[in-house]
Amino acid sequence: MIPVKTKVNMLHLFLGLLAVMPLIDSVNGILLRNSIRLMNIGQIYRITILFCLISMINRVRRQQAEVLLVSFMLLLLVQLCISWDYGISNTLVCFKLFIPIFMMYVLKGLLDKKIITFERFSNVIERISLLTPLTIIIPYIGGMGYHTYDSWAGYRGFYFATNEISFTVSSCIMYLILRLSDDIEVKYVILLVLNILGSLLIGTKSLLAVAAASIFLLILSFLRRKEGGKSKRIGAVAVISVAAIGGTVMFKDSLHAVYMRWLYGRQQNPDTSILFFLTSGRTSRIEGAWKAFHEGSLIQILFGWGLAGANNGRPNTEMDYFDLLFAVGWIGFIILMILYLLFLRHIKTNFWTIPLLGLIFILVFAGGHVLYAGLGGMMYALIMVYLAQYSQVKQDERC
């Protein structure tokens, strides 16, 4: 009986740690801002998460578990050896890279074997969807925290990385519109309103676009429904619309500062494409980084220049697919893409999954700081698992 109790406790620990992720990253942001970097709380937190995941790897099919562990150990060994100058940093980033990969497969295994229910898993994301906007709005009201851009535009609470919190709020919004599309509960409307207010405060182009696209999809799904509950749907749309308009008015100074920054950036680069503007100039970095990578040694081309290379003078596009290729080389990149793509088999196509997967792909491609970022990577895993399980439930309902 003791081993069983240990496994149950490990599961409770894992789910509990996931639920408080926004709090951990807010505290971690404060520590990083104050230059407390050696084994900070974020690193301890994610090493604990990784330990939990590896201890529960037996919940994944044996063949999959073996592939995951061998891939992890191989890339970890390469990252340790690829550069003695920053091998330890490579190792820590490798942990962050594989946490979302392990999370996707372990959580799916736990759900498939009914060790945790879909509702219990959903409750974890629900708590994150509450804590995330609160850790932005409350510090804003208290006059604390940091700006999204430079020291005058937008606002992101105590979070350290703009794109990570932007992706997290985007994922929360995606989750909440899925819940509202099935069941118009007051708590989901409130949570969506809070996340919309958070997105208006943060003010990144990608987050505002995702919020607008998600609300449009929600309205479209309401229009497609033939059954009753029309008054509830109209009420939900009215509340969300009022919140969006009211938030825009409340945070008009912050949004104006963001707009002026966008305008300044456009004026500084008048002859560039709209893609350059939408990606905040990231597309201009691809050519130089691609050239520097492929003009290196064969070892570099095959195994990369290290996951921590961007922090040690290597080119950085801030577009995850490119940066991942340069960091782990073609061999590592192919292995990782296989692991990501294999998980997509679990996601059935329906009205929601195709556009939401498209939004996620665009955010990872154009915004970066997701696949091997701490907060962004873990949120990526959670929303992908939710889409997989949600689409399976919908398919079963149709059968």
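Residues numbered from 1 in each chain as written. Predicted model: local features only at pLDDT ≥ 70, side-chain atom pairs only at ≥ 80, totals over all residues. Heavy atoms only, no water.

**Description of the overall build of the chain**
- When you go through the chain residue by residue, the secondary structure sums to 17 helices and zero strands.
- Against the globule reference of 21 Å for 399 residues, the chain gives a C-alpha radius of gyration of 21 Å, in line with a compact fold.
- Projected onto the principal axes, the alpha-carbon positions of the chain cover approximately 65 × 60 × 40 Å.
- Within the chain, residue pairs in contact and separated by at least 24 positions form 76% of the contacts whose partners lie at least 6 positions apart.
- Just so you have it, the chain exposes about 18300 Å², and 67% of that area is on carbon and sulfur atoms.
- Averaging the coordinates of the 35 positive side-chain charges in the chain and doing the same for the 21 negative ones gives two points 5 Å apart. (Helix = DSSP H or I, 4+ residues; strand = E, 2+ residues; numbered from the N terminus. Rg over C-alpha atoms; globule rule 2.2 N^0.38 Å. Contact = heavy atoms within 4.5 Å. Areas by Shrake-Rupley, 256 points an atom, 1.4 Å probe, with all protein chains shown as cover. Lys, Arg positive; Asp, Glu negative; His and termini not counted. Charge placed at Lys NZ, Arg CZ, Asp CG, Glu CD.)

**Some remarks on the nonpolar core**
- Ranked by size, the top nonpolar core spans 125 residues in total, and within it Phe-14, Phe-98, Met-103, Leu-324, Tyr-340, Tyr-380 and Leu-382 carry the most contacts.
- For this core, the leading source of residues is helix 5 (residues 87–112), giving 15 residues.
- Among residues more than four places away in sequence, those in contact with Phe-98 are Leu-68, Ser-71, Phe-72, Leu-75, Leu-336 and Leu-339. (Core = buried A, V, L, I, M, F, W, Y, C linked by side-chain atoms within 4.5 Å. Buried < 20%, exposed > 50% of the residue type's maximum accessible area, 1.4 Å probe, protein only.)

**Description of the confidence of the model for the chain**
- Across the chain, the average pLDDT comes to 88, with 96% of residues at 70 or higher.
- By mean pLDDT, the top-scoring element of the chain is helix 6 (residues 118–141) (96), and the lowest-scoring one is helix 1 (residues 2–19) (75).
- For residues 1–7, every residue scores under 50 in pLDDT, and the model assigns this stretch two contacts once sequence neighbours within four places are set aside. (pLDDT = per-residue confidence, 0-100.)

**Brief notes about the pattern of salt bridges**
- One pass over the full model with this rule turns up seven salt bridges.
- A salt bridge links Glu-126 to Lys-187; the shortest N-O distance between them is 3.2 Å. One end of the pair, Glu-126, is in helix 6; the other, Lys-187, is in helix 8 (residues 186–202), with 61 residues separating them in the sequence.
- Taking the relative accessible area as the measure of exposure, Glu-126 reaches 14% and is therefore buried. (Salt bridge = Lys/Arg side-chain N within 4 Å of Asp/Glu carboxyl O.)

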